[in-house]
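What the coordinates show
Below are the chains, spelled out letter by letter.
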Amino acid sequence: MPALHFGPFVVRRQARELWRADQRVVLQRQSFELLLYLMDHAERVVPKEELLTQVWGTVHVSESVLARAVMKLRRALGDDGREPTVVRTVHGVGYRFVAAISHQAAPAPAASPSPAAGPALLGLLPLSNDTGDASLAWAVHGLPALIGHLVSAQGQMQVADAQQVASADQPQWALTERCQHLREMLGLGDVVSSRLHRVSSGMLALSMTVHRAGLTTLQGLVEGPDVAELARRAMQWLSKYPAAIDATQPLSTEVLELLARAANAMQADHYRTAHSLLEQAAKLAPDAVLVHVELADVLRRLGSYREALQHAVLGRSLAERSQDATLQVRARFMQASVAQVMGDLAGARRSLDEGREMAMRLQGTVWPARWALLSGSVAHFQHELPFATQELESAVVLAASSRDLVLQVRARCHLAGVLQSRGMLTQAMTTLERAQKLLARTHSEILEGSVLLALSSIHTERKSFNFAIAQARQAWAVFETTGSAYLACLAAFNHIEALIYAGALNAANAEIDRLDQRFSARGATELPIPQADDFLGFWWEEIAWRRGHHETSLQAQRGLLARLSSCDAFRTNFHELQSRVAAHLLSQGLVDAASEIRRAMDVRDRMAGGRLDAALALARGEPLACIDGLERLWREEEPGNMMSIDTVMDLAWLLMSHPEARPAAVLERLMADVEDYADEYLPAVVVRARFMALQGDVAGAEAALRRGSHRRKTRRYPGCTAAWPPVSQSSPGPSPRG
């Protein structure tokens, strides 16, 4: 069947795939079916009811579901809803496909994210130490990791990352079943098991068995005076390309052993030990790319970002002089990763863009997936949510293609975070549930902590504070144990935020004191996140505000806001902090001070700025101007982040108080959107209950409020309790978000 072409895109109907040049565009099933149906009927406008019937199979689905599917399709195609070139909206009727379509045979994609696209993937199992020498215990993981580095440098084959193998390995199984399992899970070609022992001469020996598909094996034995020489000879035997050996960077026996020991320490999450070993290696081999890249990675995990950046930059400079593409990609990746945690998002983006083409050429390895994952994470920090979604959905696909369980879980955790920022809480939770299923097949504490941290954040958004507090506390404990300073700090902030929202102010105060003592001991230049102490101070003042110290806490929060304004590390949270302070000011009648914050807002935060404009109008006694502003945001901004949903809630609430401001049909359309979130977002429960009361179903409204509060298993959320009087009396009442 010929493929369908429009613009730069190719639709492969039978494969259910959309391609742009040589890159696959990830689409959800319903968005893809929607695209096909619109293309098949491009000669006419397709009514909404017809699309709901043909694509979803039912006319009972809300029109807002269709609107969100069109929004996702446009994002994937890069189409502008206001000036469309692919899908045009005919208001009040439906949608039409307007791009020119041609039918021609589809060439095979140039680069499919498949393990078979690159060199054969080799897996190295932890070895068996049969020397009887306890001082060589580190070689169990360290020697296979070192051999993997050396073999990869030949460029003839790719070696699965040690963490990748460990995440899928089942060491308690019989060896044959164990190897077959790794082939199925990771897409390996061959799996190598090895035994370290001594021969009669007293020299060390490494007996290797290459387990190939079809139960065939290949035996090998290498001997050497030390572990480093064993690694060199094992590399030569495994690669089978002796002529390429001269291309590797020459490293001394001592440096190779230090690298192997450090790899073993990192495998066990002992980062401080690994740091000490790599520092020694750097002194002995100051021009070794691998040493500086590994050292930058360890320092990043320990929170020593400035030092990590120095080694990352030096490693990249050295790598660019070599012919090793993998080392160059690793060095660029590490520089971008360190720049991100330091808050230098522009620098991180620059490094990612410069190295993207090189990374994507390493098909059959984990690097395309890692690149897309980091790029999506940086885009999230930059508040570029559609691009972040696209990158992270691509990372999920690429990680699955590389059979890397660790990357699959990480990619889904990051994707869930972006979906949460866009207000898609159900999709975010579904993404995390899939990550949890994959997590059950790994042995990674850090991954477990990452999933817990993501779940905590979503439960905080849903006002399920007891769950959020417990999960953040567990995540914090995991990261503290493994020494992951950056992640431990994020988990601590999540824990404190959930405690404050739950009303547990004394417990939040105690956690802030504990964290503040740690920050003081580290010093301002070695904080796990830049200006983390200022962010912690902001929460301290939020507690003071909630205890009634309004004047002093507001003054302090405004000062902290000014200091945090130049910190990229908190850019994703900054507009929320601005909006919070502005709301406090408005509650005290300080309209002019709130207006100052509005003027200081980043112009890119159109939604946050527009919502504050509406709040300022309401504070000045201009409810109709407030309604006008919120309606503009509702109509002009496609659904995206959490503030889009809150805008719907606030506008519906105001129209119930001022029904004369708009026709009844406008409120009915808003309530269709509210209904989509009423099972997952408490403010929507409150708004729906008030609408039910206005329709005369007061008993049903009260029951809905009680169910909503009970379902989230918290008695401290004030929204449902505070909402009942205005709901029952049909008065303006409080904000639907309490």
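Model, not experiment: these values are computed from the prediction.

For the rest of this paragraph, the subject is the overall build of the protein chain. Across its full length, the protein chain carries 32 helices and 14 strands. For the protein chain, buried positions account for 56% of its 738 residues. Accessible surface computed for the protein chain: about 31,500 Å², of which carbon and sulfur atoms make up 50%.

In this section: the packing of helix H9 (residues 271-284) against helix H10 (residues 289-302). Two measures define how a pair of helices packs: the angle their axes make with one another and the distance between the axes. Between H9 and H10, the shortest axis-to-axis distance is 9 Å and the interhelical angle comes to 150°. On the basis of the axis angle, H9 is roughly antiparallel to H10. The chirality of how H9 crosses H10 is left-handed. Each of Tyr271, Arg272, Ala274, His275, Leu278, Glu279, Ala281 and Ala282 in H9 lies in contact with H10, whose residues at this interface are Val291, Glu294, Leu295, Val298, Leu299, Arg301 and Leu302. Tallied by class, residues from the contact of H9 with H10 come to 10 nonpolar, 1 polar and 4 charged.

By size, the foremost hydrophobic cluster in this structure holds 117 residues, and its most contacted members are Ile147 and Leu206. Broken down by element, this core gets its largest block of residues, 10 residues, from helix H20 (residues 485-501). Not counting the four nearest positions on each side in its chain, Leu206 is found in contact with Leu127, Leu143, Ile147, Ser194, Arg195, Leu196, Gly220, Leu221, Val222, Leu230 and Ala234. Core analysis: the second largest hydrophobic core is formed by 46 residues, Cys179, Leu188, Ala395 and Leu447 among them.

Along strand E9 (residues 121-124), one buried face is formed by Leu121 and Gly123 and the opposite face, lined by Leu122 and Leu124, is buried too. As defined by bridge partners, E9 adjoins strand E11 (residues 158-159) across 2 bridges and the pair is classed as parallel. Its bridge partner lying in E11, Leu122 is registered against Val159. Relative to strand E12 (residues 190-198), E9 runs parallel, the two being bridged by 3 bridges. Looking at the pairing, Gly123 lines up with Val191 of E12.

Another aspect to go through is the packing of aromatic side chains. Applying the stated criterion across every chain yields a total of 8 aromatic pairs. Between Phe333 and Trp371, the aromatic rings sit 6.0 Å apart at their centres with planes inclined by 45°, giving tilted as the arrangement. Note that Phe333 is positioned in helix H12 (residues 325-341) and Trp371 in helix H14 (residues 367-381), a separation of 38 residues in sequence. The residues Phe333 and Trp371 share a single accessibility class, namely buried. A cation sits over an aromatic face here: Arg370 above Trp367, 4.8 Å from the ring centre. If you follow Arg514 out to its NZ or CZ, it ends over the ring of Trp476, 4.7 Å from the centre.

Moving on, we come to the sheet that holds strand E5 (residues 46-47). Here 3 strands make up an open sheet; going across it, the order is E5-E7-E6 and the pairing antiparallel. This sheet does not close on itself; its edge strands, each paired only once, are E5 and strand E6 (87-90). Note: E6 against strand E7 (residues 94-97), 4 bridges, orientation antiparallel. Pairing of Arg88 across the sheet is with Arg96, part of E7.

Bringing the packing of helix H15 (residues 385-401) against helix H16 (residues 405-421) into the picture now. In contact at an axis separation of 9 Å, H15 and H16 are set at 160° when each is read in the N-to-C sense. With respect to their mutual orientation, H15 and H16 come out roughly antiparallel. Once H15 is placed against H16, the crossing between them reads as left-handed. Along the contact surface, H15 presents Leu385, Ala388, Thr389, Leu392, Glu393, Ala395, Val396, Ala399 and Ala400, while H16 presents Leu407, Gln408, Ala411, Arg412, His414, Leu415, Val418 and Ser421. A breakdown of the residues in the contact of H15 with H16 according to their chemical character gives 11 nonpolar, 4 polar and 2 charged.

Per-residue confidence for the protein chain gives a mean pLDDT of 79; residues scoring 70 or more make up 82%. Taken element by element, the predicted model of the protein chain shows its lowest mean pLDDT in helix H32 (residues 718-729) (44) and its highest in E5 (90). Residue range residues 712-738 is modelled with pLDDT below 50. Its contacts to residues more than four positions away, or to other chains, number 67 contacts.

The next point concerns the pairing of strand E2 (residues 9-12). One face of the sheet, then the other: side chains in a regular strand alternate in exactly this way. The pairing of strand E1 (residues 3-6) with E2 spans 3 bridges and is antiparallel. In the strand pairing of E2, Phe6 is matched with Phe9. What sits between E1 and E2 in their antiparallel hairpin is a turn of 2 residues, with Gly7 showing a positive phi close to 55°. Sheet topology note: the E2/strand E3 (residues 17-20) ladder contains 4 bridges and is antiparallel. Within the sheet, the bridge partner assigned to Phe9 lies in E3 and is Arg20.

Further remarks concern the side chain of Ser207. Mapped onto the elements of the fold, Ser207 is located in strand E13 (residues 204-211). One polar contact links Ser207 to His197, side chain to side chain, over a distance of 2.7 Å. Not counting chain neighbours up to four residues away, the residues in contact with Ser207 comprise Ser193, Ser194, Arg195, His197, Gly220 and Leu221.

Here the focus is the environment of His658. With respect to the helices, strands and loops of the structure, His658 is situated in the loop between helix H28 (642-657) and helix H29 (664-677). According to the relative accessible area criterion, His658 is partly exposed, its value standing at 21%. In sequence terms His658 and Pro623 are 35 residues apart; their C-alpha atoms lie 8.3 Å from each other. Discounting residues that sit within four places of it in the chain, His658 has contacts with Pro623 and Ile627.

Let's shift gears to the pattern of salt bridges. All chains considered together, the criterion is met by 25 salt bridges. Measuring nitrogen to oxygen at the nearest pair gives 3.8 Å for the salt bridge that ties Arg44 to Glu43. Note that Arg332 and Glu354 form a salt bridge whose closest N and O atoms lie 3.8 Å from each other. Residue Arg332 is located in helix H12, and its partner Glu354 is located in helix H13 (residues 345-360); the two are separated by 22 residues in the primary sequence.

Following the sequence through the fold, His584 ends up in helix H24 (residues 571-587). For His584, a relative accessible area of 9% gives the class buried. Beyond its immediate chain neighbours, meaning those up to four positions away, His584 contacts Glu542, Trp545, Leu554 and Gln557.

What follows covers helix H22 (residues 532-546). An ideal rise of 1.5 Å per residue puts 21 Å on 15 residues; H22 measures up with 22 Å between its terminal C-alpha atoms. Of all 15 residues that make up H22, 12 are buried, and the element is covered over most of its length. Where H22 is concerned, the buried positions are Ala532, Asp534, Phe535, Leu536, Gly537, Phe538, Trp539, Glu541, Glu542, Ile543, Ala544 and Trp545.

Criteria and cut-off values
Residues numbered from 1 in each chain as written. Predicted model: local features only at pLDDT ≥ 70, side-chain atom pairs only at ≥ 80, totals over all residues. Heavy atoms only, no water. Helix = DSSP H or I, 4+ residues; strand = E, 2+ residues; numbered from the N terminus. Buried < 20%, exposed > 50% of the residue type's maximum accessible area, 1.4 Å probe, protein only. Areas by Shrake-Rupley, 256 points an atom, 1.4 Å probe, with all protein chains shown as cover. Axes fitted to C-alpha atoms, helices over the stretch in contact; angles between N-to-C directions. Parallel < 35°, antiparallel > 145°, perpendicular 65-115°, else oblique. Left-handed = near helix turned anticlockwise from the far one by under 90°. Contact = heavy atoms within 4.5 Å. Nonpolar A, V, L, I, M, F, W, Y, C, P; charged D, E, K, R; others polar. Core = buried A, V, L, I, M, F, W, Y, C linked by side-chain atoms within 4.5 Å. Pairing = 2+ DSSP bridges. Phe/Tyr/Trp six-rings, centres within 6.5 Å; stacked < 30°, edge-to-face > 60°. Lys NZ or Arg CZ within 6 Å of the ring centre and 35° of its normal. pLDDT = per-residue confidence, 0-100. Polar contact = N/O pair within 3.5 Å; in protein donor to acceptor, adjacent residues only side chain to side chain. Salt bridge = Lys/Arg side-chain N within 4 Å of Asp/Glu carboxyl O. Expected span 1.5 Å × (residues − 1).

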